[in-house]
Amino acid sequence: MKLMSILVLMFALCVMVSLPVSAQDKQAPPKKGTGADVETDSEDELRQAIERAGGSEQQILINLEAYLKKFPNSLRRAEIERELYKLSLGLRDRNHAITYGEKLVAANARDLETLTTLVSLLRDRKAEGDLPKALRYADQLASQVETILAGDKPARLSAGQWADRKGRSLASVYLLRGQVYADLKEREKAETDLRKSYQLWRLAEAALALGEQAEKRNAVEEAIDFYAQAFVLSIDASEEVERTEVRRKLGKLYAAKHGSEAGLGDRLLKAYDEQIAARAVRATQLEQPNINTGMTDPLLFKVTRLDGSMVKLADFRGKVIVLNFWATWCGPCMVEAPLFEKTMVKYKDDKEVVFLALTTDEDRALVPPFIKEHQWKLPVAYADYLNDHFAVTSIPTTIILDRQGRVAFRQAGFNTREDFVTALSEKIEEARKK
């Protein structure tokens, strides 16, 4: 609900006036004119301002503004201004949204969401001074995003995934700033940012904007190419690109250049094939190919050792298989792994029990140096989507398969209240009997 945060604020205010009379009587009333009295009146008037609106968002906005005018030093000012900003967006009140959006980013330069929205609002309004101001905020946004993304890669992401996220984020930022430059008719700077955006991530909006810039330079073939890319990208994109308008621009320019639209379909198919190829390359960079695609029987799965060789679970059919899913970023795994190794040593002469420590790390490059650093002697392999097959959502997770490959035991997380080696050994013996 749009009013939810306002109602939460109202509830908080009502709590202080809902004490039993006996509890209130124990407190001496503040003296008239003191700071305590003024603050009490302020809180009470805030509650009344919300109540008097009768649920009308427009009236809440009016009442809260009147409240801030009367109590400019209210301790809740920052909170109320954020609510006013949200209300303004919900009401599509662009002027108020810009006013309070600017207050928010003045208080917090790292408020990326508000910065992004503020640039778009200023571009739409285009009042005197709005576009230069939009450019300043776009510069601020780009600087903040570049700084954040210059940090270390999160451990849970592979290098490809981190590059993908950085590319998406920076592409959106450069696209927005490029659009502001285009609004300001600074074509060279606009194209620089738009091309940077398109190289990082293929966005339909960037392709459309580049097509428009190329058309203004009378680079007709280049414009046609970008319009074709924009049209293809808009088919399955969530961007707000008006495909009908892109089609109109493309058809008009192509017909003017070639005398008719004959051959335009082939041009679009070529653009489509290029996008599919680019998407396939990107997919291979994001994650390892699934070598177990289509497998439903866990004993038909294969997992990859750190040296690249394969482990076929089918080779262990008829044996008890103990699987431990872990990750380098998992703190409890650091505690559990030595105990898992201790259990493995206990069964080292038992040919009927097999142990595998399966890492779920998406960035495989992290695993070998981690194993070397901690000197683990576990039989480590990459999970290769076996974790997905078992719907492992908590790390560490231990799963025991009986002789038929059925799950005989499963434990998510590390239980600090039990003797891990003893408990796991008991479960292994139970699985052996099945």
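The following paragraphs examine the structure supplied in this document. (Residues numbered from 1 in each chain as written. Predicted model: local features only at pLDDT ≥ 70, side-chain atom pairs only at ≥ 80, totals over all residues. Heavy atoms only, no water.)

**A closer look at the packing of aromatic side chains**
Line of reasoning, step 1. The final tally for this structure, using the stated rule, is 8 aromatic pairs.
Line of reasoning, step 2. Here Phe370 and Trp376 contribute two aromatic rings whose centre-to-centre distance is 5.3 Å and whose plane-to-plane angle is 85°, an arrangement assigned as edge-to-face.
Line of reasoning, step 3. Note on Phe414 and Phe420: the rings are 6.2 Å apart at their centroids and 45° apart in plane angle, and the pair reads as tilted.
Line of reasoning, step 4. Taking the relative accessible area as the measure of exposure, Phe420 reaches 5% and is therefore buried.
Line of reasoning, step 5. Members of the aromatic cluster, each reached through a chain of ring pairs, are Trp326, Phe370 and Trp376. (Phe/Tyr/Trp six-rings, centres within 6.5 Å; stacked < 30°, edge-to-face > 60°. Buried < 20%, exposed > 50% of the residue type's maximum accessible area, 1.4 Å probe, protein only.)

**Things to note about the environment of Glu57**
Line of reasoning, step 1. In this fold, Glu57 is placed in helix H4 (residues 57–70).
Line of reasoning, step 2. Glu57 sits in the buried class, given a relative accessible area of 17%.
Line of reasoning, step 3. Along the sequence, Glu57 and Leu84 sit 27 residues apart, while their C-alpha atoms lie 9.7 Å from each other. (Helix = DSSP H or I, 4+ residues; strand = E, 2+ residues; numbered from the N terminus.)

**Some thoughts on the pattern of salt bridges**
Line of reasoning, step 1. One pass over the structure, following the stated rule, counts 31 salt bridges.
Line of reasoning, step 2. The salt bridge partner of Arg47 is Glu51, with a shortest N-O separation of 3.2 Å. Note that Arg47 and Glu51 are positioned in helix H3 (residues 35–52) at a spacing of 4 residues, about one turn of the helix.
Line of reasoning, step 3. A relative accessible area of 37% places Glu51 in the partly exposed class.
Line of reasoning, step 4. The salt bridge involving Arg77 is made with Glu81; its shortest N-O contact spans 3.0 Å. Of the two residues, Arg77 and Glu81 both sit in helix H5 (residues 77–90), 4 residues apart, roughly one turn of that helix.
Line of reasoning, step 5. Since its relative accessible area comes to 26%, Arg77 is described here as partly exposed.
Line of reasoning, step 6. By relative accessible area, which is 10% here, Glu81 ends up buried.
Line of reasoning, step 7. In the salt-bridge network here, residues are joined through shared partners; they are Asp139, Arg177, Asp193 and Lys196. (Salt bridge = Lys/Arg side-chain N within 4 Å of Asp/Glu carboxyl O.)

**Considerations on the pairing of strand E4 (residues 353–359)**
Line of reasoning, step 1. Counted residue by residue, E4 has 7 buried out of 7 residues, so it is predominantly covered.
Line of reasoning, step 2. In terms of strand pairing, strand E3 (residues 320–326) meets E4 through 7 bridges, oriented parallel. Bridging from a neighbouring strand, Val322 pairs with Phe355 of E4.
Line of reasoning, step 3. Crossover connection from E3 via helix H15 (residues 331–346) to parallel E4: handedness right-handed.
Line of reasoning, step 4. Summarising the sheet, E4 and strand E5 (residues 380–382) pair through 3 bridges and their orientation is parallel. Among the inter-strand pairings, Leu358 is bridged to a residue of E5, identified as Ala381.
Line of reasoning, step 5. Note that the unit made of E4, helix H16 (residues 367–374) and E5 has a crossover that is right-handed. (Pairing = 2+ DSSP bridges. Right-handed = clockwise from strand over helix to strand, strands pointing away.)

**Let's talk about the packing of H5 against helix H7 (residues 112–125)**
Line of reasoning, step 1. Running from N to C, H5 and H7 cross one another at 45°; their axes reach a closest spacing of 13 Å. Taken together, the axis directions place H5 and H7 in an arrangement best described as oblique. Judged by the twist between their axes, the crossing of H5 over H7 is left-handed. Taking contact as the criterion, the partners of Arg82, Tyr85 and Leu89 in H5 are, on H7, Thr114, Thr117 and Leu121.
Line of reasoning, step 2. For the contact of H5 with H7, the per-class residue count stands at 3 nonpolar, 2 polar and 1 charged. (Axes fitted to C-alpha atoms, helices over the stretch in contact; angles between N-to-C directions. Parallel < 35°, antiparallel > 145°, perpendicular 65-115°, else oblique. Left-handed = near helix turned anticlockwise from the far one by under 90°. Contact = heavy atoms within 4.5 Å. Nonpolar A, V, L, I, M, F, W, Y, C, P; charged D, E, K, R; others polar.)

**With respect to the state of the cysteines**
Line of reasoning, step 1. All told, the structure shown has 1 disulfide when counted by the stated rule.
Line of reasoning, step 2. There is a disulfide in this structure between Cys330 and Cys333, and the S-S distance comes to 2.4 Å. Looking along the S-S bond of the Cys330-Cys333 disulfide, the torsion reads about 85°, which is the right-handed sense. Neither residue differs from the other here; Cys330 and Cys333 are each classed as buried. (Disulfide = S-S within 2.5 Å.)

**Section: H7**
Line of reasoning, step 1. In this model, H7 (14 residues) spans 20 Å end to end at C-alpha, consistent with the 20 Å of a helix rising 1.5 Å per residue.
Line of reasoning, step 2. The inward-facing, buried residues of H7 contact H5, helix H6 (94–107), helix H8 (130–149) and helix H9 (159–183).
Line of reasoning, step 3. The first or second residue beyond H7 is Lys126, which carries a positive phi of 55°. (Expected span 1.5 Å × (residues − 1).)

**As for the nonpolar core**
Line of reasoning, step 1. Val322, Leu323, Phe325, Trp326, Leu358 and Ile428 are the most contacted members of the largest nonpolar core, which has 46 residues in total.
Line of reasoning, step 2. Elements supplying a minimum of two residues to this core: E3, H15, E4, H16, E5, strand E6 (397–401) and helix H18 (420–432).
Line of reasoning, step 3. Residues in contact with Phe325, not counting those within four places in the same chain, are Leu358, Thr360, Ala383, Leu386, Asn387, Phe390, Val392, Ile395, Pro396, Thr397 and Ile399.
Line of reasoning, step 4. Among the nonpolar cores identified, the runner-up in size contains 31 residues, and Trp201, Tyr227, Phe231 and Leu264 belong to it. (Core = buried A, V, L, I, M, F, W, Y, C linked by side-chain atoms within 4.5 Å.)

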